[in-house]
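Chain by chain, the residues:
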Amino acid sequence: MRRRDFLTTTAAAAGAAAVLGGCGSGSGDDSGPLQYLSLAWQKESIEVNKALVAEWNKANPPSAQVRYVQGSWDNVHDQLLTSFEGGEAPDIIHDEANDLTDFAHGGYLADLSDLLPAELEKQIPEASWDMASFAGGVYGVPFLQEPRVLIANRELLEKSGVRMPTTQRPWSWAEFEDVAKELTRGRTHGVAWSMKEPVNQSVNLAMTTGGAVFHRANGKNVIRFDRADSHVVELIHRQVHKDRTASRSTLGMAGSDTLPGFFAGRYAIVPLNFSFRQQVQQQAPDGFEWVTLPMPAGSGAAGGGQLQGVSPQTLSVSQDTERKKTAVAFIAFMTRPRHMARLAEGDWLVPTGREALREPALNTDEHGWSTGLRIASDLRASPVLGVRGYPEWKDKVATPALQEYYGGSISLSALREKLVEDGNRILARYQR
């Protein structure tokens, strides 16, 4: 869920690095306030976070005070690694599950298994706890999650006469291909796939067809790219190069880059992360009608073909802090049902908690909120979670290989060879 590809973050990242370097009271110092590193970036989300910190501080003694520290999603892994190694890590860390694996294995994060209040454990489903559990421990509290959805031009869909999908009856992938053909007219493509960062969405959507890309064999992680793993990848390639129902020009774009063309009617459907609804709502021209739809479903796969992988946002505790119980109590406070719902609303995301999912403010059809909440039960741990060596495989192998395949410069067999053979050599180094 490393999100926000439409942010300009260079200055923010530099500021965050300076802030992290001065966190100070973490890493064993039991004086002064606990440092809470927050990666909230939207105005509403920052306001909610700060308001909750103020509420906590008002209700707790000086020894349990918390100081809000503003961080940035950009380069947070490197910034945290530097702070951990320098003994200046924040006490409470907002991050995402995909970023926890190396920190957990490196001993930088506290195992929360014996520290979590029973009420908090009960509120969050086991499927969500699995997203932050590695090597027998729990290293973060998963509290916000982000499914992939289809954002569509309502007028174009209604004019075409295609069936409007629902979460109870989504399009199948085959039906989605047919719909894209119906919507492709003149200068309008049926769909715009943004593949500047192709790996996570390619892996996570493989779950809809029973794939995973990352599998377990003989107690180790291995990469396979069989038909179930490659089904959606092949479909996207087919839409771009054979059916011509998907725009080739958007393959190098980030999700936000597709929105001007979407608003102009050049693309009828854009697959995007759930939080992009906010940008659509803010930037859509007057009179433009849009709708949030579930991703297509695979056939013969678990969960009716509607499962998809996610990497939720998490709250963790530094291993070095002397006040782990207080830090966990603060996390429990931040993730109370009403508080979790407020954080989700501010960030346009889906909460993990059972009661938070029932909050009236989120249960509305406006801006597609109800679609995301109904998808929540189909979200599972991304296959990449807990895989050591994944970041290297993603950056050095999978990103360029998938971009080449989607662009039409290499074949499926060449893609498979790169992902599997080169990838398994990387994973082997991390599992010796």
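How each quantity is defined
- Residues numbered from 1 in each chain as written.
- Predicted model: local features only at pLDDT ≥ 70, side-chain atom pairs only at ≥ 80, totals over all residues.
- Heavy atoms only, no water.
- Pairing = 2+ DSSP bridges.
- Helix = DSSP H or I, 4+ residues; strand = E, 2+ residues; numbered from the N terminus.
- Axes fitted to C-alpha atoms, helices over the stretch in contact; angles between N-to-C directions.
- pLDDT = per-residue confidence, 0-100.
- Contact = heavy atoms within 4.5 Å.
- Buried < 20%, exposed > 50% of the residue type's maximum accessible area, 1.4 Å probe, protein only.
- Salt bridge = Lys/Arg side-chain N within 4 Å of Asp/Glu carboxyl O.
- Parallel < 35°, antiparallel > 145°, perpendicular 65-115°, else oblique.
- Nonpolar A, V, L, I, M, F, W, Y, C, P; charged D, E, K, R; others polar.
- Expected span 1.5 Å × (residues − 1).
- Arc of directions from axis to C-beta.
- Core = buried A, V, L, I, M, F, W, Y, C linked by side-chain atoms within 4.5 Å.
- Phe/Tyr/Trp six-rings, centres within 6.5 Å; stacked < 30°, edge-to-face > 60°.
- Lys NZ or Arg CZ within 6 Å of the ring centre and 35° of its normal.

(A) Here's a closer look at the sheet that holds strand E11 (residues 267–273). If you walk across this open sheet you meet the four strands as E8-E11-E7-E12, and the pairing is mixed. The sheet is open, and its two edges are formed by strand E8 (189–191) and strand E12 (290–294), each paired on a single side. Strand-to-strand twist of the sheet, defined as the mean angle between neighbouring strand axes without regard to direction, takes the value 25°.

(B) Region of interest: the confidence of the model for the chain. Put simply, the chain has an average pLDDT of 92, and 93% of its residues get 70 or more. Scored below 50 in pLDDT, residues 1–19 makes 51 contacts in the model with residues more than four places away or belonging to other chains.

(C) Quick peek at the pairing of strand E7 (residues 148–153). Of all six residues in E7, six are buried; the element is thus mostly enclosed. Residues Arg 148, Leu 150 and Ala 152 of E7 are buried on one face, and the alternating residues Val 149, Ile 151 and Asn 153, pointing to the opposite face, are buried as well. Across five bridges, the pairing between E7 and E11 is antiparallel. Residue pairing across strands places Val 149 opposite Leu 272, the latter belonging to E11.

(D) Quick look at the pairing of strand E14 (residues 313–317). Among the five residues that make up E14, five are buried, leaving the element largely enclosed by the rest of the structure. With burial as the criterion, each face of E14 is covered, one bearing Gln 313, Leu 315 and Val 317 and the other bearing Thr 314 and Ser 316. Of the pairings in the sheet, the one linking strand E3 (residues 92–96) to E14 comprises five bridges and is antiparallel in character. Directly across from Asp 95, in E14, lies its bridge partner Thr 314. As paired elements, strand E6 (residues 141–145) and E14 share three bridges and run antiparallel to each other. Bridge pairing links Val 141 to Leu 315 in E14.

(E) A look at the environment of Pro 294. Mapping Pro 294 onto the fold places it in strand E12. You can call Pro 294 buried: its relative accessible area is 5%. When the C-alpha atoms of Pro 294 and Val 149 are compared, they prove to be 5.1 Å apart, with 145 residues separating the residues in sequence. When neighbours within four sequence positions are excluded, Pro 294 is seen to be in contact with Leu 150, Pro 165, Thr 166, Thr 167, Pro 170, Thr 371 and Ile 375.

(F) A look at the pattern of salt bridges. Following the criterion strictly, the structure yields 16 salt bridges and no others. Across the salt bridge formed by Asp 226 and Arg 224, the nearest N and O atoms sit 3.7 Å from each other. Judged by its relative accessible area of 35%, Arg 224 is partly exposed.

(G) The packing of helix H16 (residues 390–407) against helix H17 (residues 412–430), seen in detail. Relative orientation of the contacting elements H16 and H17 amounts to 175°, with a least axis distance of 9 Å. Regarding the angle of H16 to H17, the classification is roughly antiparallel. Taken together, the residues of H17 that come into contact with H16 (itself represented by Tyr 390, Glu 392, Trp 393, Val 397, Ala 398, Ala 401, Leu 402, Glu 404 and Tyr 405) are Leu 412, Leu 415, Lys 418, Leu 419, Asp 422, Gly 423, Ile 426, Leu 427, Arg 429 and Tyr 430. Looking at the contact of H16 with H17 residue by residue, the class counts come to 13 nonpolar, one polar and five charged.

(H) A look at helix H2 (residues 43–59). A rise of 1.5 Å per residue sets the reference length of H2, with its 17 residues, at 24 Å; its end C-alpha atoms lie 25 Å apart and thus fit the reference within 8%. Buried within H2 are the following residues: Ser 45, Ile 46, Val 48, Asn 49, Leu 52, Val 53, Trp 56 and Asn 57. Buried residues of H2, seen end-on, are gathered within an arc of 170° and therefore sit on one face of the element. Of the residues in H2, the exposed ones pointing more than 90 degrees away from the buried face are Lys 43, Lys 58 and Ala 59. Buried residues along H2 sit in contact with strand E1 (34–38), strand E2 (66–70), helix H13 (324–334) and helix H14 (337–347).

(I) Structural detail: the sheet that holds E2. Read from one edge to the other, the open sheet built from six strands follows the order E2-E1-E3-E14-E6-E15, with strand pairing classed as mixed. Strands with a single pairing partner mark the edges of an open sheet, and in this sheet they are E2 and strand E15 (350–351). Along the sheet, H2 contacts E1 and E2; its crossing angle with E2, the most-contacted strand, is approximately 165°. With respect to the sheet, H14 is in contact with E6, E14 and E15, its orientation differing from that of E6 by roughly 40°.

(J) How the structure looks around the nonpolar core. The biggest cluster of nonpolar side chains holds 79 residues, and the ones touching the most others in it are Tyr 36, Leu 116, Val 141, Ile 151, Phe 262, Phe 330 and Met 334. Broken down by element, the residue count for this core peaks at six residues, all from H13. Residues contacting Leu 116, with those up to four places away along its chain left out, are Glu 121, Trp 129, Val 138, Val 141 and Val 328. Judged by nonpolar contacts, the second largest core, of 48 residues, contains Trp 171, Ala 206, Ala 268 and Val 291.

(K) Fine view of the packing of aromatic side chains. Following the criterion strictly, the structure yields 19 aromatic pairs and no others. Here the aromatic rings of Phe 84 and Tyr 108 are separated by 4.9 Å at their centres, their planes lie at 10°, and the arrangement is stacked. In this pair, Phe 84 sits in helix H3 (residues 76–85) while Tyr 108 sits in the loop between helix H4 (100–105) and helix H5 (118–123), placing the two residues 24 residues apart along the sequence. By relative accessible area, Tyr 108 is classed as partly exposed at 22%. Of the aromatic side chains, those joined through ring pairs into one cluster are Tyr 36, Trp 56, Tyr 68, Phe 330 and Phe 333. Arg 277 extends its terminal NZ or CZ atom over the ring of Trp 369, reaching a point 4.2 Å from the ring centre.

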